Amino acid sequence: MLKIAIELLVIQPYLNSAGVICALGDNKRQLLNALLNATTSCPAQSDKYSPGKPVPIAEVTGVLPDIPAPLKNYQSRTNQLLLSALEQIRPTVDIAINRYGHQRVAVIIGTSTSGIAEGETAVSIHRQTNQFPIHFAYKQQEIAATSEIISRLLGISGPAYAISTSCSSASSAICSARRLLNSGLCDAVIVGGVDALCRTTVQGFGSLGALSNTTCNPFSRNRDGIVIGEGAALFLISREANIGNHNTPVQLLGTGISSDAHHISAPDPSGNGALLAMQLALDDASLSPDQIDYINLHGTATPQNDAMESRAVYQLFGNQTACSSTKPLTGHCLGASGAIELALCWLLVSDFNEHKQLPPQLWDQQADPLLAPLNLINTNQQPEIHPSIVMSNTYSFGGNNVSLIIGSGA
């Protein structure tokens, strides 16, 4: 019998455009400037999502786009954030749709809450009146609503679905987008993540004792938990470079996913799952650790996460590779965090980064002697380098670990 082996060509697709909105801003140059200068106002203390118990939150304060009337069943703050990110990449998306056809463009969105905030309001009203609000639709809080609204708004008919793996949702979606391109089922993917602030997450993390009382302070001896944020980030990813005419094409060079399943919420203290994800991403990209210019750490400022991540990063990279956590600037945007942080990395390696700098970490600089030492970038000692290859780490409940590597190329 004749045996025929078919080997799929594994591609390193291009992140042709990025749109991002978070507490740090919604303009790419503004975001990059704030990122490189580690400038942000202190998190606002608010009991908006935790009545009677103010906590710091990182909220988007700008005006968000309206949901079009034909799509009112998708009305939610989450989808408004998503449409704000989409507006930023819409010209590139339109080029892709015209080039490849409506059937060859897919949508994959990572989220952990979707429109749960609207569901919370509807349930509250129902308890008082025994009726749901007239404009409430269950579709608002469905996880898949995030991908459906983009697909319907753009009139595309390629694969459209959502992924929810807690805080690694968006990073998992980006890995899935690459697999979709590799399979040949589409030619371009609108991919990213979104989450909005709501009572479920703020009070849920509060019940776990994971919320900070002050600010996000990763890897400090004084760290006391996360600051929850909100936002969205989207990319147009394809096999083809320069859709949208960016001078420096940015490629997704490698992805690594592991699942240690250590605990429903706590990370594996050994860091082995995180270490495996980073190593898999390096192997996928055919890179060695010393070729990574910068690591965007998950860096949540919880005692257990920072201990685990510092141990894993130090074991693979030592204390030579420059790294920082950007969550003091954006807050922990949960299911959107992987996409938002990758978008910040995208800005670093793209032609937007004219300053040739790496982002310093905003913290009290009181290192925890019990943690493995890392090369955390100091605001007073920023290396002058235009990074060409960077890694972004994202970890989540249930031990789902994702590492992504992107780089500038020809």
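Residues numbered from 1 in each chain as written. Predicted model: local features only at pLDDT ≥ 70, side-chain atom pairs only at ≥ 80, totals over all residues. Heavy atoms only, no water.

A.B. asks: Please clarify how the state of the cysteines should be interpreted in this entry.
C.D. replies: Among covalent bonds in proteins, the disulfide is the one between the sulfur atoms of two cysteines. The tally for this structure, following the rule as stated, stands at zero disulfides. No disulfide involves Cys-186; its nearest neighbouring cysteine sulfur is the one of Cys-175, lying 15 Å away. No disulfide involves Cys-323; its sulfur sits 12 Å from that of Cys-345, the nearest cysteine. Using a relative accessible area of 1% as the deciding quantity, one classes Cys-323 as buried. (Disulfide = S-S within 2.5 Å. Buried < 20%, exposed > 50% of the residue type's maximum accessible area, 1.4 Å probe, protein only.)

A.B. asks: How do you make sense of the pattern of salt bridges when you look at a structure like this?
C.D. replies: Under the defined criterion, the tally for this structure stands at twelve salt bridges. The shortest N-O distance in the salt bridge between Lys-139 and Glu-142 comes to 3.1 Å. Beyond isolated ion pairs, a larger network of salt bridges with shared partners links Arg-104, Asp-187 and Arg-239. (Salt bridge = Lys/Arg side-chain N within 4 Å of Asp/Glu carboxyl O.)

A.B. asks: Could you clarify how one ought to interpret the packing of helix 2 (residues 77-100) against helix 4 (residues 145-154) in this entry?
C.D. replies: Axis angle and axis distance: for two packed helices, these are the angle between their axes and the distance between the axes, and together they describe the pair. The interhelical angle for the contact between helix 2 and helix 4, taken along N-to-C directions, is 45°, at an axis separation of 11 Å. The angle between the axes of helix 2 and helix 4 places the two elements in the oblique class. Of the two possible hands of crossing, helix 2 and helix 4 adopt the one that is right-handed. Note on element contacts: helix 4 touches helix 2 through Ala-145, Thr-146, Ile-149, Ile-150, Leu-153 and Leu-154, opposite Thr-78, Asn-79, Leu-82, Leu-83, Leu-86, Arg-90, Val-93 and Ile-97. Here the residues of the contact of helix 2 with helix 4 sort into ten nonpolar, three polar and one charged. (Axes fitted to C-alpha atoms, helices over the stretch in contact; angles between N-to-C directions. Helix = DSSP H or I, 4+ residues; strand = E, 2+ residues; numbered from the N terminus. Parallel < 35°, antiparallel > 145°, perpendicular 65-115°, else oblique. Left-handed = near helix turned anticlockwise from the far one by under 90°. Contact = heavy atoms within 4.5 Å. Nonpolar A, V, L, I, M, F, W, Y, C, P; charged D, E, K, R; others polar.)

A.B. asks: What am I meant to see in unusual backbone geometry here?
C.D. replies: Peptide bonds are, in most cases, trans, and in most cases residues other than glycine have a negative phi. One non-glycine residue, Ser-114, lies in the positive phi region at around 50°. When you line up the elements, Ser-114 lands in the loop between strand 4 (105-110) and helix 3 (116-129). Even without a glycine there, the phi angle at Gln-365 is positive, about 60°. By relative accessible area, Gln-365 is classed as partly exposed at 38%.

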